[in-house]
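Reading the structure
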Amino acid sequence: MTDNPIVRCTDLRKEFAAVTAVDDLTIDIHDEFTSVIGPNGAGKTTTFNLLAGTVSPTAGRIELNGTDVTAKGPESRVHHGLSRTYQITNLFDELPAFENVRLAVQAVSDVPYANVFADALSDQEINQRTTEILDLVGFEEDRTTAAENLSQGYKRLLEIAIALAPEPDVLLLDEPTAGLAVDKKELVFDVVGDLANEYAVVLIEHKLDVVKDMSDRLVVMHNGQLLASGPPEETLSNPEVQEAYLRGVTS
Ligand SMILES: Nc1ncnc2c1ncn2[C@@H]1O[C@H](COP(=O)(O)OP(=O)(O)OP(=O)(O)O)[C@@H](O)[C@H]1O
C-alpha cells in the first residue's frame, strides 16, 4: 500500500432539504479492500454518488489520485480512475452478455483521455479486452446469452465487468449481492474477493459476517457521519460502533 490515497474526501457534505445525508465526511481510501457498513439511511449510497459525481456536494472536496474532481462530472471521475456499480441493475437487456461489456470497453477506448487508453483500440483488441474482463469476473455462462436471460447472479457479474471496462484504480460496489439467493451471493462475493487482489475495492454491504473476514478496512457510517474506520476487528470492538450499528442491526 502506498501512502498516497486514491480517494480523499475532505469535509464532504450533502444536504437534501432538511436531511443531511452526508455530514462533513473526511476519509482517505487507499489501495486496499474497504467495506462500508452502517444502518439504513446512514449515507453510504449518497457517499458513493458524491464520489462518482452523480450527486453534487453541498460542501467539501473530493480528490482522485491527487486531482481535485469536486466540480467534475461522472465521466471525468471515470477517467481519473473511479468506477462503480449501482444497486439497481443497469444493462442492455436484449444484447448478449459479451456485447454489454464490449460496448463499455469500446466507449472508453474512443475517449481521448490520457490516462485511460492512449489510442482507440482495434476491434480485435476490444474483443480481447472484453474477453479478459469477463474471465476476470469468472463469467462462465454462455457469453452470447441476452442479458435479460441471465440469472441475477450473472447479471451482477456482468455489471461488475462493465465497471471494470475503464480499468479503474478504485471500484465502488454498491451492495452487489442485494436480493440474491445464498449460492449466488457466494458466487459474487468470491469474485469481489478476487478483484480486491487487483483493484482497490470499496464495497457497501450489510452482511457484516462476510465483510469482516474479507476486508482490510471497515468504514462505519451513522447519520451521515464517519463513526469509525480501521481494521475490522478493531473497528467492530469500538463501543460507539457496537451501540450505533451492531445492536440496531443484529438484535
Ligand atoms: N435524492 C434524495 N432526496 C432526498 N433525500 C435523500 C435522497 N437520497 C438520499 N436521501 C436521504 O439521505 C439519507 C441517506 O441515504 P442513503 O441512501 O445515502 O443511505 P444508505 O446508508 O445508503 O442507506 P441504505 O443502506 O438503506 O441504502 C436518508 O435519510 C435518505 O432518505
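Presented here is an overview of the structure given in this document. (Residues numbered from 1 in each chain as written. Predicted model: local features only at pLDDT ≥ 70, side-chain atom pairs only at ≥ 80, totals over all residues. Heavy atoms only, no water.)

Okay, the pairing of strand E1 (residues 7-16) next. Where a strand is regular, its side chains alternate between the two sheet faces. Pairing between E1 and strand E2 (residues 19-29): 7 bridges, direction antiparallel. Residue pairing across strands places Leu12 opposite Leu25, the latter belonging to E2. Where E1 hands over to E2, the hairpin turn is made up of 2 residues, of which Ala17 adopts a positive phi near 50°. Of the pairings in the sheet, the one linking E1 to strand E4 (residues 59-64) comprises 5 bridges and is antiparallel in character. Within E4, the position partnered with Arg13 by the bridge is Ala59. (Pairing = 2+ DSSP bridges. Helix = DSSP H or I, 4+ residues; strand = E, 2+ residues; numbered from the N terminus.)

Attention now moves to the side chain of Asn49. The topology assignment puts Asn49 in helix H1 (residues 44-52). What makes Asn49 buried here is its relative accessible area of 17%. Excluding its chain neighbours within four sequence positions, the residues that come into contact with Asn49 are Thr54, Val55 and Arg84. (Buried < 20%, exposed > 50% of the residue type's maximum accessible area, 1.4 Å probe, protein only. Contact = heavy atoms within 4.5 Å.)

Here H1 lies mainly inside the structure; 8 of its 9 residues are buried. Within the sequence span of H1, burial applies to Lys44, Thr46, Thr47, Phe48, Asn49, Leu50, Leu51 and Ala52. One or two steps after H1, the chain reaches Gly53, where phi turns positive at roughly 85°.

Glancing now at the site of the ligand. Neighbouring the ligand are 13 residues; Gly41, Gly43, Lys44, Thr45 and Thr46 lie closest to it. Between the ligand and Asn40 there is a distance of 3.2 Å, counted from an oxygen atom to a side-chain nitrogen or oxygen. Measuring from an oxygen atom of the ligand, one finds a backbone N or O atom of Gly41 at 2.8 Å. In isolation the ligand has 630 Å² of accessible area, and contact with the protein removes 60% of it. Contributing elements (two or more residues each) for the shell around the ligand: E2 and H1. Considering every element that reaches the shell around the ligand, the biggest residue donor is H1, with 3 residues. When the residues that make up the shell around the ligand are grouped by side-chain class, the tally is 5 nonpolar, 7 polar and 1 charged. (Near = heavy atom within 4 Å. Polar contact = N/O pair within 3.5 Å; in protein donor to acceptor, adjacent residues only side chain to side chain. Areas by Shrake-Rupley, 256 points an atom, 1.4 Å probe, with all protein chains shown as cover. Nonpolar A, V, L, I, M, F, W, Y, C, P; charged D, E, K, R; others polar.)

The next point concerns helix H6 (residues 182-195). Under the 1.5 Å per step criterion, the end-to-end length of H6 is 20 Å for 14 residues, consistent within 8% with the ideal 20 Å. For H6, the complete set of buried residues consists of Lys185, Val188, Phe189, Val191, Val192 and Leu195. The arc enclosing the buried residues of H6, seen along the axis, measures out at 160°, which places them on a common side. Those residues of H6 that are exposed and angled more than 90 degrees off the buried face are Val182 and Asp190. Buried positions along H6 lie against strand E3 (33-37), helix H4 (123-136), helix H5 (152-164), strand E7 (170-174), strand E8 (200-204) and helix H7 (208-214). (Expected span 1.5 Å × (residues − 1). Arc of directions from axis to C-beta.)

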